[in-house]
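Here is how the chains run, residue by residue.
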Amino acid sequence: MDFAFTDAQRELYDSVRTFARQQIHPTVLQREPLQTWNDDIWQKLAGMGLLGAPIPEEYGGTGLSCVETCLVKEAFGAGAEDGGVALAWGAHTILCGVPIWKLGTEDQKRRYLPGMCDGSLIGGFCLSEPDSGSDAAGMKTRAVRKGDRWILNGRKMWITNGPIGGVFVVTAVTDPDARPRAAGISTFLVESGFPGFSVGQHIDKMGMKTSVTSELVFDDCEVPAENLLGMENYGFIITAKLILGWERSCLLAPGLGGMDAAIERCARYQQERHQFGRPIARFQAMRHMLADMKVKVELARNLIYRVAWKLDQDGDPPLVDAAIAKVFLSEASQQVFRDAVQIHGGNGFTTEYHVERGLRDSMLSTIGAGTSEIQRGIIARAILDLPF
Ligand SMILES: Cc1cc2nc3c(=O)[nH]c(=O)nc-3n(C[C@H](O)[C@H](O)[C@H](O)COP(=O)(O)OP(=O)(O)OC[C@H]3O[C@@H](n4cnc5c(N)ncnc54)[C@H](O)[C@@H]3O)c2cc1C
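Below you will find a few notes about this structure. Remember, predicted model here, so these are calculated numbers, not experimental data.

1. Comments concerning unusual backbone geometry
Peptide bonds are mostly trans, and most non-glycine residues show a negative phi. The linkage connecting R179 with the following residue, P180, adopts the cis geometry, with an omega of -5°. Mapped onto the secondary structure, P180 falls in the loop between β4 (167-173) and β5 (185-191). Residues other than glycine seldom take positive phi values, yet N161 does so here, at roughly 70°. Since its relative accessible area comes to 0%, N161 is described here as buried. Within the chain, M208 stands out as a residue other than glycine whose phi angle is a positive 50°. Residue placement: M208 occurs in the loop between β6 (197-202) and β7 (213-224).

Take a look at the structure:
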């Protein structure tokens, strides 16, 4: 068992953290309240080779392993402290790019991946609907084959990159009689320019405000037959299985960096802020909070990298490990940011000290990509040896 990163991996971490600190972080306070897309920021990520981090070089990517992809995402989280951009990047690269790379035909990979890696094409992932979130297989969006096209009808909800995306991995029911229901759902690559595609309401959010989110509407949307991603009727099962490990490691990794940055801020503040004639770091209650934050981030780090390492070993998605990592990291990050606000007192409640944004951003982590309750259900079923 080797927990060490190589020198090259450490350098990679340092270079991305420095980039994010110098190029992304300085404007986050101005960008956040606007809740608009900032393409200059996106192009900076493209320039660093981050948008195609795990995608093979032959498709324009950087060819990093899953562990290294987590490393650059963690570094970004630590330097940028910008959860929204990290989320937009995750939806683009992990939820859209990885399924195309792993499940797409050669033609699909050549058509979409180079643009996604160089920043000219933005991707997204459409699973959730107004009436189906946790019960994803209960989706209503329907795809019917007509000649050389699929006709999609339905609505997808809370789609990260929805208003600005050019290509989306979209799930839709292709066999409504299938049991289990998941065995009748297929996955499609839908371009925003296809007839019948439109962007619905833009969604105003409590956090992750530097990403843009919307509903997407498919109204007799015409999708060429060659844009079916993976096997008909099994697209959902295969895509979900594939994405699961990636999203519950790489998509969450910026949260590790965010927590590290919060701890650094808290340590600095505890030494600078004086009350009762001494630095607040002299009070045991403050020190214990700091120590508990550190324990949480280190445990979360081990869990996240274990999932990534397993994906690199055999590529088989570690379902239960991923659920454990997801529950722990998401709940730890909410506790860490709540304590970070508390340590900063009144200043923590202001935007200037950056920790209140972390708390708001972290609230998504127990909801998106499978809620904590759903993760606990997965873990318990494994313990009880019940089918998934
Ligand atoms: C900012 C943001 C970005 C998002 N981006 C995307 C995206 O890009 N693509 C996408 O497809 N989706 C996206 N989502 C949707 C997200 O994945 C869903 O919100 C999430 O899966 C939860 O679904 P829901 O909101 O319908 O909650 P519900 O499923 O309605 O859950 C409500 C509550 O009931 C609980 N619950 C439900 N079922 C059970 C059960 N069986 N046992 C115990 N408790 C249960 C839940 O845990 C939760 O507490 C995004 C959401 C947000 C807020």
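There's more to say after this.
2. A few points about the pattern of salt bridges
Counting across every chain of the model gives 23 salt bridges. R149 is the salt-bridge partner of D148, the closest N and O atoms lying 3.6 Å from each other. Look at R149 and you get partly exposed, because its relative accessible area is 29%. In the salt-bridge network here, residues are joined through shared partners; they are E74, D260, K294, E298 and R301.

3. Some remarks on empty space enclosed by the protein
What the rule picks out here adds up to 2 cavities of 30 Å³ or more. By volume, the largest cavity is sized at about 60 Å³. Breaking the lining of the largest cavity down by element, the ones donating at least two residues are α3 (39-47) and α5 (83-103). Among the residues forming the lining of the largest cavity, the class breakdown is 5 nonpolar, 3 polar and 1 charged. Taken together, L51, G52, I55, H92, T93, G97, L113, M116 and C117 make up the lining of the second largest cavity. By residue class, the composition of the lining of the second largest cavity is 5 nonpolar, 4 polar and no charged.

4. Let's talk about the packing of aromatic side chains
Under the defined criterion, the tally for this structure stands at 9 aromatic pairs. Aromatic side chains F5 and Y305 sit 5.4 Å apart centroid to centroid with 70° between the ring planes, which places their arrangement in the edge-to-face category. Residue F5 is located in the segment before α1 (7-24), and its partner Y305 is located in helix α9 (residues 284-314); the two are separated by 300 residues in the primary sequence. By the ring-pair criterion, three or more aromatic residues cluster together here, those being F168, F197 and F218. It is K102 that lies over the ring of W101; its NZ or CZ is 4.2 Å from the centre.

5. Let's talk about the layout of surface pockets
In this model, the second largest pocket occupies a volume close to 690 Å³. Taken together, 20 residues form the lining of the second largest pocket, with D2, F3, A4, F5 and Y305 sitting closest to its centre. When residues of the lining of the second largest pocket are traced back to their parent elements, those giving at least two are α1, α4 (66-80) and α9. Here the element with the most residues in the lining of the second largest pocket is α9; it accounts for 7 residues. Looking at the lining of the second largest pocket, its residues break down into 9 nonpolar, 4 polar and 7 charged.

6. What about the pairing of strand β2 (residues 142-146)?
Across 5 bridges, the pairing between β2 and strand β3 (residues 149-160) is antiparallel. Bridge pairing in β3 places R145 opposite W150.

7. Things to note about the pairing of β7
Counting buried positions over the 12 residues of β7 gives 9, a clear majority of the element. Bridge count for β3 against β7 is 9 bridges, and the pairing is antiparallel. Bridge pairing links T160 to T213 in β7. In terms of strand pairing, β6 meets β7 through 4 bridges, oriented antiparallel. Directly across from F197, in β7, lies its bridge partner F218.

About the criteria used
Throughout, a residue's number is its position along its own chain's written sequence, starting from 1. Where totals are concerned, whole chains, interfaces and linings use all residues; where local detail is concerned, this predicted model gives features only for residues with pLDDT of at least 70, and gives and counts side-chain atom pairs only at 80 or more. Note: side-chain values were computed over all heavy atoms of the structure, leaving out hydrogens and water. Helix and strand definitions follow DSSP, with helices as H or I runs of at least four residues and strands as E runs of at least two, each counted in order from the N terminus. Partly exposed residues are those whose accessible area sits between 20% and 50% of the maximum for their type, while under 20% is buried and over 50% is exposed, using a 1.4 Å probe and protein chains only. We define a salt bridge as a contact between a side-chain nitrogen of Lys or Arg and a carboxyl oxygen of Asp or Glu at a distance within 4 Å. In the cavity and pocket records, a cavity denotes points on a 1 Å grid over the protein atoms alone where a 1.4 Å probe fits but cannot get out, a pocket denotes an open set with protein on both sides within 12 Å along at least 5 of 7 lines, and lining residues are residues with an atom within 4 Å of a point. Grid points are joined across faces, edges and corners, and a volume is the space filled by probe spheres set on the points. For this classification, Asp, Glu, Lys and Arg are treated as charged, while Ala, Val, Leu, Ile, Met, Phe, Trp, Tyr, Cys and Pro are nonpolar and the rest, including Gly, are polar. Centre distance within 6.5 Å is the pairing criterion for rings of Phe, Tyr and Trp, where only the six-membered ring of Trp is used; planes under 30 degrees apart are then read as stacked, over 60 as edge-to-face, and the remainder as tilted. Any Lys NZ or Arg CZ that is within 6 Å of a ring centre and within 35 degrees of that ring's normal is treated as a charge sitting over the ring. Note on pairing: two strands pair once DSSP finds at least 2 bridges between them.

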